[in-house]
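Take a look at the letters that make up each chain.
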Amino acid sequence: MDSAGVDSATEEEYATQSKLLKDFMSIPSIDKAWIFNSCSGPQAMVAMSQANLLANKRRKFMLSGHISKESNQPVNFHWAPFPTEMTGASAFVPSPSGLKLLVIRNPPEKESPTKFEIWSSSQLEKEFHIPQKVHGSVYVDGWFEGISWNSDETLVAYVAEEPSRTKPTFDHLGCYKKNNSLDKMDIGSWEGQGDWEEEWGEAYAGKKQPALFVINVESGEVEHIKGVPRSISVGQVVWSPNSKDSAQYLVFVGWLGDKRKLGIKYCSNRPCAIYAVRLKEPKDDANEAFPLHNLTKSISSGYSPRFSKDGKFLVFLSAKTAADIGAHWVAESLHKIKWPSDGKLTGSIDIVDVVQVVNCPDDGSFPGLYGTDLLSDPWLSDGHTIILSSYWRSFRVILSLNLQSGELSRVSPNDSDYSWSILALNGDDIVAVSSSPVSVPEIKYGKKVLDPAGKPSWQWSNIQKPIFKCSDKVTLGLSFLQFKIIKVPVSNVSECLTEGAKRPIEAIYVSSSKPKENGKCDPLVVVIHGGPHSVATCSFSKTLAYLSSIGYSLLNVNYRGSLGFGKEALQSLSGNVGSQDVNDVLSAVDHAIEMGLADPSRITVLGGSHGGFLATHLIGQAPDKFVAAAARNPVCNIASLVGITDTPDWGFFHAYGDKKHYTEAPSPEDMSRFHQVSPISHISKVKTPTLFILGAMDLRVPISNGLQYMRALKEKGVEVKVLVFPNDNHPLDRPQTDYESFLNTAVWFNKYCKL
Ligand SMILES: CC(=O)N[C@@H](C)C(=O)N[C@@H](C)C(=O)O
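- By the naming in an unreviewed UniProt entry, the protein chain goes by Acylamino-acid-releasing enzyme and is assigned to Brassica napus.
- Recorded in UniProt under Subcellular location (unreviewed entry), the annotation for the protein chain is "Cytoplasm".
- Listed under Subunit (unreviewed entry) in UniProt, the entry text for the protein chain is "Homotetramer."

Structure (structure tokens):
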């Protein structure tokens, strides 16, 4: 043993495992793409990223290329010889004509300015530094992001953090200074804290007041758009269609954050609406105040606004089912409203339902929209069809939706066992990325073709590059892997269950294709996603592929409550967490054992967040089933979580199955119920050695939840190991964290599976 308590054999194992894991970690991902039409034909720009372990950041880079698309010839991308590193840029937003590129660089430090750069095809045209007193960082991801060029490419609307409110100041005698005048020369004076302002929770540290701004890209002048009250947090801004006879509006999503800003990350259930604010024109009276129009008053949620190409209607998504029932994510619906040609937003606005939530989809039929991804310009040339990505059972798929007829069809190949996401449109053709649990992401090109009846479909071909050159060991490891979807009948089907809740669940089973020695199965890792309203898809995960390539089979379980299977199956979990979801996972494990896919003496479990809730429940409720567990930021005790998490409503919803019980002042009965549905209530039975991987900055499941459970296990003499990442929040996905946590997970599982 060395001073760190690691024996030389274990050290050797860490060293060996780290070499392969490092190779997996360096596999890039394909994040975004843009297509530009130039005089020499379409050009592509593809944004990719790769873990930079040493810097503990993601390295971002861009590959550009020319697309040649001659009739009867396969499509070809002629890529530049090397990608260009783009680290330091927070957002890239090409102008509608493709002639200008806006690059935004958010301040690395609190005091520094936000930089706006306008690039032409050959050089930097303009650069503006916007000081903190105008606004803080621009929102570049998540719910609030919105950066939008106007049609004549002179203005860009965007969302940025409103400057902090001025703080009280005190002089060297300790007296309050009027007018908040802090003079740096006034030695001994200091700035107080002032009123506390709530932030938007997990992943939004320091983000309190997303507000609307417009920058003039010629002069660099920035206008803070007035007329939006501070009680509304703004996101996803777009310009209304421009015509010389009608007023110009900014259309955006607003969330009310006046009472309490409940955490919004992973939470589509936060009520929100689409608003329009009219912009002042030079002829307008400077003192005239324009009203703010709520365009979606009649429903509890509206977001992702997109104007049709002819400007006649506005399409948007809604998570009204989630907002109404209180579940954090359910299926989305899609709607449209007519945009008045004269720009006069008066009277009531009719909302037309285009895609509704699906309650109980048949196998093979459309299950509803989930985690829908709409491009900023999702329209085909017919002007009424949009292309989007969504979850469909255990896959991500690409869909086309005709807004006139409401017809919805699957555009990514029906027979594909890969997941597909849209990257960009090239006219009516689609640039997509696809991957599977055993194959790294690849770019695919879908060429639109019409059948004799004029019905469109897409013919898919591979793009020769970027093909990620994995190390030989990774390539070899992946080449021996296979996967399939297993249908698992659910147990305890009672009459009171809805039809959708009685249907079999799915689990993705990944295994080695090598013949088994003496028919013996590889050890199994049961992988459990969080949420609970999230989903495991047939797509590539570097860390899970690493675990399979070192000799584990994986069983990734989509228990009832997962997205992509219809509303009835999802909603059946409400009020039944800790029992129905636990039983679903156990049914999947037992099913795998019965099918001869798992060795009952070598089963481990791995899950994060709600997946950690299930992992810790499982080792309590099925103490003889699992030889080792790894819990990542697990929810272990809802009673001690509700007072400190950014989403206390999550605890109430899952314990009671409705949103009416939620209060900031839980009663002793509430606390007792929270305890009863939590893993901590089964702690006396646990004997499984458990690895805890915890992020000290997690606001969703604060570290104390995992630490309390871990200490309780230690008190009982159960073997535990704890890794704490001081600067990580809920996802534990910073490169060094991802690396160290999966290295330890492998070594921990190997120890108990005798691998
Ligand atoms: C809604 C939510 O954040 N729930 C958490 C407890 C959770 O399970 N998070 C998921 C999204 C995760 O995988 O981290």
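1. Focus on the sheet that holds strand β34 (residues 505–512)
Here's step 1: Spatial ordering of the open sheet is given by β33-β34-β36-β35-β37-β38-β39-β40, a layout of 8 strands whose pairing is mixed. The open sheet has two edge strands, β33 (481–488) and β40 (720–725), and neither has a second partner. Neighbour-to-neighbour, the strand axes of this sheet turn through a mean angle of 15°, independent of strand direction.
Here's step 2: Across 8 bridges, the pairing between β33 and β34 is antiparallel. If you follow isoleucine 485 over to β34, its bridge partner there is isoleucine 508.

2. Notes on the sheet that holds strand β31 (residues 439–450)
Here's step 1: Spatial strand order, β29-β30-β31-β32: 4 strands in an open sheet with antiparallel pairing. Every other strand in the sheet has two partners, leaving β29 (419–426) and β32 (456–462) as the edge strands with one partner each. On average, each strand axis in the sheet is tilted by 30° relative to the strand beside it, whichever way the strands run.
Here's step 2: The pairing of β31 with β32 spans 7 bridges and is classified as antiparallel. Within the sheet, the bridge partner assigned to glycine 446 lies in β32 and is tryptophan 460.

3. Remarks on the site of the ligand
Here's step 1: In the neighbourhood of the ligand, the contacting residues comprise Tyr266, Gly530, Gly531, Ser609, His610, Trp650, Arg700 and His730.
Here's step 2: For the ligand, an oxygen atom lies 2.6 Å from a polar atom in the backbone of glycine 531.
Here's step 3: A distance of 3.4 Å is found between a nitrogen atom of the ligand and a side-chain nitrogen or oxygen belonging to tryptophan 650.
Here's step 4: Notes on the ligand: free accessible area 380 Å², of which the protein chains cover 87%.
Here's step 5: Looking at the shell around the ligand, its residues break down into 2 nonpolar, 5 polar and 1 charged.

Cut-offs and rules
- Residues numbered from 1 in each chain as written.
- Predicted model: local features only at pLDDT ≥ 70, side-chain atom pairs only at ≥ 80, totals over all residues.
- Heavy atoms only, no water.
- UniProt positions renumbered as here; feature names shortened; annotations may be inferred.
- Pairing = 2+ DSSP bridges.
- Helix = DSSP H or I, 4+ residues; strand = E, 2+ residues; numbered from the N terminus.
- Axes fitted to C-alpha atoms, helices over the stretch in contact; angles between N-to-C directions.
- Near = heavy atom within 4 Å.
- Polar contact = N/O pair within 3.5 Å; in protein donor to acceptor, adjacent residues only side chain to side chain.
- Areas by Shrake-Rupley, 256 points an atom, 1.4 Å probe, with all protein chains shown as cover.
- Nonpolar A, V, L, I, M, F, W, Y, C, P; charged D, E, K, R; others polar.

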